[in-house]
Amino acid sequence: MTDPSLSGAPRPTTDDHTAAPGSPAAGPLTGLRVLDLATLFAGPLAATLLGDFGAEVIKIEHPRRPDPSRGHGPTKDGVGLWWKLLGRNKRTMTLDLSHPGGRDVLLRLAAGADVVVENFRPGTLERWGLGWDALSAVNPRLVLARVTGFGQFGPYARRPGFGTLAEAMSGFAAITGEPDGPPTLPPFGLADAIAALTTSYAVLAALRARDSPTLGSDRAGGPPSGRGQVIDLALIEPILTVLGPQPLWYDQLGHVQPRTGNRSANVAPRNTYRTADGSWVAVSTSAESVAGRVMRLVGRPEVIDEPWFATGEGRARHADELDTAVGDWIARHDRAEVLAAFEKAEAAVAPIYDIREVMTDPQYAALGSITEVPDDELGTVRMQNVLFRLSETPGAIRWAGRPHGADTREVLAGLGLTDAEIDGLRAAGAL
């Protein structure tokens, strides 16, 4: 357990807060029910983030076509490892939403839910008789989060949408890579992850509006309206926002940000540098005071008095000189020496880790950023912990991703379906 005096809010340990599927959830979202109909990756991850803080999440997958994330990346003993992370804190059931029996069951589930998360192409739910009109008719309080590549309307709305396309169209790839190299895509689901964070935020905003006496009612100070609403989230938008003021720069100055590799157009020195023992470190000097400390450390204090050194833009114009000075000094020292010297000088540096070092770093260990989770299929698995620490109502990982359809019968029995009815739905192909 982290010392509260160091972090202000300890993380729950696995021993204290893991529980079997179906156990009461701990966290501020306890009491919310979320139906996760989505696949790959933004929608499901948004539901995971809600589940981490106590929401009851029911993952609904096609009976014969499970969420593809179960087969993405490495497996162990035939068990997909990515799914263990993405499916944590979720009960899993199967349902063919295009089947009349599946549609009826989904409507019954929606009647008692707070949130539905889906990422089908626009019009798909409507074709199955499960559009907003049908869902809100059985539950006016429902929040429907629709996560697609391009949104619910517009000329691209019906195109297949994936994170790679958002990374390309947002401008991210255009500014990523070396100046003389090609645009570069990230080797992980960046746009999906940003969209997942945004979706979970949007869900909480919609729930707040539903339950607020001032935001959701017809008159300020009146009772909450109790009305849910539709969230239309396009993958291409959140990543555009996190790219910063590029639209403003272009609008006001006609400026198009170029590719600069690891350098910044706004500050210098800012780069990655190789140490004498073959490791790499990253240096940041966003503040002039930090830049000055770095240059004194590497033996070039005279540049601090240059007029151009006083601004980040000025230092960026002299990046070659500054990079050479910093890079030459770092190249003469082992990584441990570099880190110790920078820390003593109160200059900003970090080692460039691969996942092996992340798993053993003492700061991550102090924060509990990687935690152990018991798992019926793999014994114990280590994965990222919940995203942040709350002092009074912390989140928790109660279990890792469960097998396909593991909780179907239990969930349907909770709706009041008999064993005979469940078997009949399964025989008909709805489950």
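Quantities reported herein were computed from a predicted structural model and do not represent experimental measurements. (Residues numbered from 1 in each chain as written. Predicted model: local features only at pLDDT ≥ 70, side-chain atom pairs only at ≥ 80, totals over all residues. Heavy atoms only, no water.)

Caption draft 1: View of the overall build of the protein chain. Each helix and strand in the protein chain was counted, giving 20 helices and 13 strands. Each principal axis of the C-alpha distribution contributes one length, and for the protein chain these read about 80 × 50 × 50 Å. Out of the 431 residues belonging to the protein chain, those deemed buried represent 45%. When contacts within the protein chain are restricted to residue pairs at least 6 apart in sequence, those whose partners lie at least 24 apart make up 68%. Accessible surface for the protein chain amounts to roughly 21100 Å². Of this, 55% is attributable to carbon and sulfur atoms. (Helix = DSSP H or I, 4+ residues; strand = E, 2+ residues; numbered from the N terminus. Buried < 20%, exposed > 50% of the residue type's maximum accessible area, 1.4 Å probe, protein only. Contact = heavy atoms within 4.5 Å. Areas by Shrake-Rupley, 256 points an atom, 1.4 Å probe, with all protein chains shown as cover.)

Caption draft 2: A look at the side chain of His333. As for its position among the elements, His333 is in the loop between helix H15 (319–331) and helix H16 (335–344). A distance of 2.7 Å separates a polar side-chain atom of His333 from the backbone oxygen of Trp329. When residues no more than four places from it in sequence are discounted, the contact partners of His333 are Thr275, Ala276 and Val338. (Polar contact = N/O pair within 3.5 Å; in protein donor to acceptor, adjacent residues only side chain to side chain.)

Caption draft 3: The packing of helix H13 (residues 288–297) against H15, seen in detail. Following both chains from N to C, one finds H13 and H15 inclined at 55°, their axes separated by 10 Å at the closest point. By the angle class used here, H13 and H15 are oblique. Both H13 and H15 take part in a crossing whose hand is left-handed. Between H13, through Val294, Met295 and Leu297, and H15, the contact on the second element is made entirely by Leu322, Ala325, Val326 and Trp329. Here the contact of H13 with H15 is composed, by residue class, of 7 nonpolar, no polar and no charged. (Axes fitted to C-alpha atoms, helices over the stretch in contact; angles between N-to-C directions. Parallel < 35°, antiparallel > 145°, perpendicular 65-115°, else oblique. Left-handed = near helix turned anticlockwise from the far one by under 90°. Nonpolar A, V, L, I, M, F, W, Y, C, P; charged D, E, K, R; others polar.)

Caption draft 4: Local environment of the pairing of strand E12 (residues 370–375). Judged by which residues are buried, E12 turns out to be one-sided: Thr371, Val373 and Asp375 face inward and are buried, whereas Ile370, Glu372 and Pro374, on the alternate face, are not. One ladder, built from 6 bridges, connects E12 with strand E13 (residues 379–384); its direction is antiparallel. Along E13, the bridge assignment pairs Thr371 with Met383. In sequence, E12 turns back onto E13 through a hairpin of 3 residues. (Pairing = 2+ DSSP bridges.)

Caption draft 5: Structural context of the environment of Gly129. You can see Gly129 is positioned in the loop between helix H6 (124–127) and helix H7 (132–138). Judged by its relative accessible area of 25%, Gly129 is partly exposed. Separated by 35 residues in sequence, Gly129 and Thr164 have C-alpha atoms that sit 31 Å apart. Ignoring anything within four residues of it in the chain, the contact list for Gly129 reads Arg103 and Ala134.

Caption draft 6: Seen up close, the sheet that holds strand E11 (residues 348–351). Strand order across the open sheet formed by 3 strands is E9-E10-E11, with antiparallel pairing between neighbours. Only two strands of the sheet have a single neighbouring strand rather than two, namely strand E9 (271–274) and E11. When strand polarity is set aside, the average angle formed by the axes of neighbouring strands in this sheet is 30°. Where strand E10 (residues 280–284) and E11 come together, 4 bridges link them in antiparallel fashion. Following the sheet pairing, Val281 is matched in E11 by Pro351.

Caption draft 7: Local environment of the pattern of salt bridges. Taken as a whole and judged by the stated rule, the model has 27 salt bridges. For Lys59, the salt bridge identified is with Asp36, shortest N-O distance 3.5 Å. Here the residue Lys59 occupies a position in strand E2 (residues 56–61), and Asp36 occupies one in strand E1 (residues 33–36), the gap between them amounting to 23 residues. By relative accessible area, Lys59 is classed as buried at 0%. Linking Asp114 and Arg210 is a salt bridge whose minimum nitrogen-to-oxygen distance equals 3.2 Å. Residue Asp114 is found in the loop between helix H5 (100–111) and strand E6 (115–118), and its partner Arg210 is found in helix H10 (residues 190–211); the two are separated by 96 residues along the sequence. Just as Asp114 is buried, Arg210 falls in that class too. One network of salt bridges, in which partners are shared, links Arg33, Glu56, Arg91 and Glu410. (Salt bridge = Lys/Arg side-chain N within 4 Å of Asp/Glu carboxyl O.)

Caption draft 8: A look at the side chain of Asp375. The residue Asp375 is located in strand E12 in this model. The buried category is assigned to Asp375, whose relative accessible area is 9%. Here Glu377 takes part through its backbone nitrogen, which lies 3.0 Å from a polar atom of the side chain of Asp375. There is a polar contact of 2.8 Å between the side chain of Asp375 and the backbone nitrogen of Leu378.

Caption draft 9: Structural detail: the nonpolar core. Membership of the largest hydrophobic core comes to 39 residues, with the highest contact counts inside it found for Val34, Ala55, Val115, Val203, Ile231 and Ile239. Every element with two or more residues in this core is listed here: helix H3 (42–52), E6, strand E7 (143–148), helix H9 (172–175), H10, strand E8 (230–234) and E13. Sequence-distant contacts of Ala55, that is, excluding residues within four places in its chain, are made with Leu29, Thr30, Leu32, Val34, Leu50 and Arg398. Core analysis: the next-biggest nonpolar cluster, separate from the first, contains 27 residues, Leu35, Ile58, Leu417 and Leu431 among them. (Core = buried A, V, L, I, M, F, W, Y, C linked by side-chain atoms within 4.5 Å.)

Caption draft 10: Local environment of the environment of Glu302. By secondary structure assignment, the location of Glu302 is in the loop between H13 and helix H14 (312–317). Glu302 gets classed as partly exposed once you look at its relative accessible area, which sits at 42%. Spatially, the C-alpha atom of Glu302 lies 9.8 Å from that of Gly292, the residues being 10 residues apart in sequence. Within polar-contact distance, the side chain of Glu302 engages the side chain of Arg300 at 2.4 Å.

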